[in-house]
Amino acid sequence: MFEMRERAGLGRIGRLETPHGVVETPALMPVVNPSRLTIPPRRLREAFGVEVLMTNAYILHRGDLRERAVEEGIHKLLDFPGPVVTDSGAFQQHVYGRVDVSNEEIVRFQVEIGSDLGTALDVFSEPEDPREACEEAVQTTLVRCREAAGWRGEMGLVGTVQGGLFPDLRQESAQGLSELPVQVHAIGGVVPLMEAYRFRDLVEVIVASRKGLRPDRPVHLFGGGHPLVFGLAVLLGCDLFDSASYAKYAQDGRMITARGTTHVADLRYLACDCPACHGATPRDLREDQQRLAEHNLHASLRELREVREAIHEDRLWEHVEGRCRAHPSLLDALKTLRGHVEFLERFEKATGRHVFYTGPETIWRPVAWRFRRRVLERYRPPKAEGILILPEAARPYSRTYAPVLRRLFRRASAHALVKSVFGPVPVELDGVFPVGQSVVPRELDVEALEASEAFLQAFLRKGHFAFGLLWEGKESLEEIAAKAPGEAPVDMDLARARALADHQFGPRAADALLAGEVTFVKSKRTAKVRNILADGKHALSLRARDGLYTLKLAGGRRLHGAFQAPRLRVVVVEESAPFNREGKNVFAKFVVSADEAIRPWDEVLVVDQEDALLAVGRALMNRDEMLAFGQGVAVKVREGLAAV
Ligand SMILES: [Zn+2]
């Protein structure tokens, strides 16, 4: 029902199938009130490209249109041929304190009117609700969702995560719902947080919920309709948004942009070229509520397209870091992400295009954190007494510092690293993603510099070297040569190859991959290593783009022999094995288990249940995703055993 097509961290471009067509996610569902249509649904589809609508079944159930809705069905009533999602009235419970409808009545009503996705009557928890009340709301919501699953018929069911501001309750609620046959998850109770700009709390709620949810179902941020939060919420794994705001804000004369909200009454210049604003003056918008609502919707849909494009171009983090500078409360929210870096890292790709430093938050991105951790845990330096610590410089470091390194290795028993803002970078690893692909400003923030010092100290505490010396100019060479006279006969090609093997595949991968006779095949044009042959067989290719290896079958055989299961493995069922052996991709539904350490875009070994090697390829999912998804490719196979 839901398939992930592209990804950036927890953010994804997906396809959600419904009885009335496919929706591309992340998607915004404009909320329409059937008895008060600000913009007619047909126009939403034709002029705005809206694929999916949301309407409130509770209001419909109570109002004059109830019978017509049952008779004609919701699609005809709204004059909208695409999918329609309905809400149950939980939000009215937040607004009015109570609702007078039972779970069964409202679920059966949604089935009757032909909703594509209907919602069980969840119990809304307010942010200030005490723990006991939230606990009860979670339990009642779970019971109601379980009941609703029995009444839903052909309708898809939305199960809503509650739990107030208690992360453990959110996670528990999410886990409970993940076990039920629901098609979409919603995160509820968040409107009061967004209205009060409590974005820090919003992050905590989304992350806690996401931790408990199974990854193969789309997640709807209930009431999340302001474009200000789209990027951040998508980055944390939200796929669907609904917006009543475009119309509501227009009623109050408020104009929505991706940077916030302004009163049209205060406007002197109109800095928007959307179809509604084109040729208009602030006054036109002030006097025409409909036109303002149309602008608000255009602005919201536009931000969602920008988020999709940012996923497609693999720069979602940059997009979010930029957007979060629009308001201090959002900046706070961005800063809280570092507290969740370990969770976020599990979904972060092994590679990427580039990393632009936008502020001290950038050094806490999961890819930077992962790099630091691997240097601490996996790096084995060449034998040398001292380490020369070089400052940030233009990339690649080894080219910038080539003269220094030449003299250093000739005169001292010393190695070198760059004290980068992302953490210490041994010179052999200077081309590796994300460091080699990062761009940092000349002037760095004090917070980032302090962090960089702490990262360096953690590395030095590993005790690889007897001493470290900070580069202070040419005299530092004299100093280190006097302190540790000698030489470091570094075969840089081999040192790089070994360091990268351990960094990418894990401790001792270099011993397996680079044993025996190693031949480097270099590019004629750049003189850089392109292919590595081990005992005459092509084991690895080195990608210029991200400085990482592509694993060939010969390399895969070596790792398979040296590493015990489950390391690097994706295990498939028997019926899939012959296809993968022939070089066909591995579909998620055929995966029975996988190494927990696998990250999207990692090079992996495909094996059968007896641990016989079938193929090598690139994972597109992490373990949890491979095990959960019923659709989509888990491993893009590069070479199958039978193909050679
Ligand atoms: Zn506009």
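Quick caveat, the model's predicted, so the values are computed rather than measured.

About the criteria used
Residues numbered from 1 in each chain as written. Predicted model: local features only at pLDDT ≥ 70, side-chain atom pairs only at ≥ 80, totals over all residues. Heavy atoms only, no water. Salt bridge = Lys/Arg side-chain N within 4 Å of Asp/Glu carboxyl O. Buried < 20%, exposed > 50% of the residue type's maximum accessible area, 1.4 Å probe, protein only. Helix = DSSP H or I, 4+ residues; strand = E, 2+ residues; numbered from the N terminus. Expected span 1.5 Å × (residues − 1). Polar contact = N/O pair within 3.5 Å; in protein donor to acceptor, adjacent residues only side chain to side chain. Phe/Tyr/Trp six-rings, centres within 6.5 Å; stacked < 30°, edge-to-face > 60°. Lys NZ or Arg CZ within 6 Å of the ring centre and 35° of its normal.

Caption draft 1: Summary view of the pattern of salt bridges. Scanning the entire structure with this criterion turns up 43 salt bridges. The salt bridge involving R315 is made with E313; its shortest N-O contact spans 2.7 Å. Classification of E313 by relative accessible area gives partly exposed; the value is 24%. Residue R543 pairs with D546 through a salt bridge whose shortest N-O separation is 2.8 Å. Of the residues examined, D546 reaches a relative accessible area of 0% and is grouped as buried. Taken together, the shared-partner salt bridges in this structure form one network comprising R302, E303, E306 and R323.

Caption draft 2: Representation of helix α14 (residues 289–312) in the model. Helix length check: α14 (24 residues) gives 35 Å between terminal C-alpha atoms against 34 Å at 1.5 Å per residue, within 8%. Here α14 starts with a cap whose side-chain oxygen sits 3.2 Å from the backbone nitrogen of Q290, and that cap is D288. Immediately downstream of α14, the backbone of D314 shows phi near 60°, a positive value.

Caption draft 3: The arrangement of unusual backbone geometry in detail. Residues T25 and P26 are joined by a peptide bond in cis, for which omega reads 0°. Along the chain, A565 connects to P566 via a cis peptide bond; the corresponding omega equals 10°. Following the sequence through the fold, P566 ends up in the loop between α25 (553–562) and β24 (569–572). Positioned with a positive phi, Y197 is a non-glycine residue whose angle comes to about 60°. Of note, Y197 is situated in the loop between α9 (191–195) and α10 (199–212).

Caption draft 4: The packing of aromatic side chains, seen in detail. A full pass over the atoms with the stated rule returns seven aromatic pairs. Here W364 and F455 contribute two aromatic rings whose centre-to-centre distance is 5.7 Å and whose plane-to-plane angle is 75°, an arrangement assigned as edge-to-face. Taken as a pair, W364 in the loop between β14 (355–356) and α18 (366–378) and F455 in helix α21 (residues 446–460) lie far apart in primary sequence, 91 residues in all. Classification of W364 by relative accessible area gives partly exposed; the value is 24%. Note on F455: relative accessible area 13%, which makes it buried. Ring geometry for Y379 against F459: centres 6.2 Å apart, planes inclined by 35°, an arrangement best described as tilted. Pair noted here: Y379 is in the loop between α18 and β15 (386–391) and F459 is in helix α21, with a separation of 80 residues, a long-range link. What makes Y379 buried here is its relative accessible area of 6%. Stacked on the ring of W364, the Lys or Arg R372 has its end atom at 5.1 Å from the ring centre.

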